[in-house]
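# Chains, contacts and geometry: an overview
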Amino acid sequence: MDERVYDTKKRPVWCPGCGNFAVLTALRRALAELDLKPEEVVIVTGIGCHGRMSDYVRANAFHTIHGRTLPLATGIKLANPNLTVIAHAGDGDAYAIGLGHLPHAARRNIDITLIVHDNMIFGLTTGQVTPTTPQGVKTKSTPFGNPERPLNPLLLALASGATFVARGFSGEADHLKELIKQGILHRGFAFIEVLQPCVTFFNTYQLFREKVYKIDGSHDPTDFEAALRLAQQEDRLPIGVFYRVERPTLEDYFAYAMSPPPALRKPQAPDLSKTIERFR
Ligand SMILES: Cc1ncc(C[n+]2csc(CCOP(=O)(O)OP(=O)(O)O)c2C)c(N)n1
Ligand code: SF4
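Report follows, based on the coordinates.

Reading guide: rules and limits
Residues numbered from 1 in each chain as written. Chains lettered and ligands numbered in written order. Predicted model: local features only at pLDDT ≥ 70, side-chain atom pairs only at ≥ 80, totals over all residues. Heavy atoms only, no water. Core = buried A, V, L, I, M, F, W, Y, C linked by side-chain atoms within 4.5 Å. Buried < 20%, exposed > 50% of the residue type's maximum accessible area, 1.4 Å probe, protein only. Helix = DSSP H or I, 4+ residues; strand = E, 2+ residues; numbered from the N terminus. Contact = heavy atoms within 4.5 Å. Salt bridge = Lys/Arg side-chain N within 4 Å of Asp/Glu carboxyl O.

Here we take up the nonpolar core. Ranked by internal contacts, the top residues of the largest apolar core, which has 35 residues, are Leu70, Leu114, Val165, Phe189, Phe191 and Phe242. With 4 residues, the top contributor of residues to this core is helix α3 (residues 69-79). Val165 has contacts with Leu154, Ala157, Leu158, Phe191, Gly240, Val241, Phe242 and Tyr243, leaving out every residue within four places of it along the chain. One finds Cys18, Leu176, Leu179 and Ile184 within the second-largest nonpolar core, a separate group that totals 27 residues.

See the structure below:
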């Protein structure tokens, strides 16, 4: 399918050079290469610069409140499991205000894909610290340097039971597209963390260029211990699939309530004839 099918023709308002452009291109291409029809896809976004994804991908879209993409995406998937549901969140969205939802989506293994646009800063609100901002970095809210050690999202996703854990880099758009395709095809919760610079408030291009490398074929993605070891690397930043296993999904366990799923049930109008008769 031609990727232009997924273009809403709206001109992105992101700053020139923002990492979000590469994620947008990678996502549109992934959807087109998987031959998914726009009406079969739902994009759920939170509040933040990344939240504009729902304006720029021509599919069903739900732009929800800050931090709540995962509950929304979970509800949509349970209501209609035939849909391909892709949730987008910023690092502020996913790891600060919305953090409580991540471990639960992972352990439930709901069949959705979460793409976290991790620019290590609050972009939309003009540059405050987030849980993934490196220690010591000066931001608007940490003018003397961030005093906190950053969260490791990959370790969190692995420890919470995610069945697909990957990391991409906006500077490697083709590689990212392949990760997104694999995440969508994975049956279960697919967690994709994307390293992407916020060129205006925390330009990490140089840092990522120096540290990022692709995981090679010697890594066995079914090996949990090996995934944990990779996820702990800090001096260099591996990108690729860290972990992938098959496990029944939340929808499988809900089978008793899913035939048919709520959104596909034919609404049955109640028989009001007797009530109406009383008023004749
Ligand atoms: C409940 C709530 N709290 C705070 C805000 C203010 N706010 C808007 S976007 C944002 C953070 C954006 O950062 P991130 O999620 O990392 O996304 P980015 O803009 O970097 O893509 C915050 C705190 C809000 N909109 N709603
Ligand atoms: S502020 Fe940062 S994240 Fe937001 S559009 Fe500009 S570069 Fe991108």
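We are not done yet, so read on.
A separate point is the pattern of salt bridges. Overall, the coordinates contain 14 salt bridges when judged by the stated rule. Residues Glu3 and Arg29 are paired through a salt bridge, measuring 3.0 Å at the closest nitrogen-oxygen approach. Of this pair, Glu3 sits in the segment before α1 (20-33) while Arg29 is found in helix α1, placing the two residues 26 residues apart along the sequence. By relative accessible area, which is 28% here, Glu3 ends up partly exposed. The partly exposed category is assigned to Arg29, whose relative accessible area is 31%. Arg280 serves as the salt-bridge partner of Glu277, at 3.1 Å between the closest nitrogen and oxygen. Residue class for Glu277 comes out partly exposed when judged on its relative accessible area of 47%.

In short, geometric facts, not functional conclusions.
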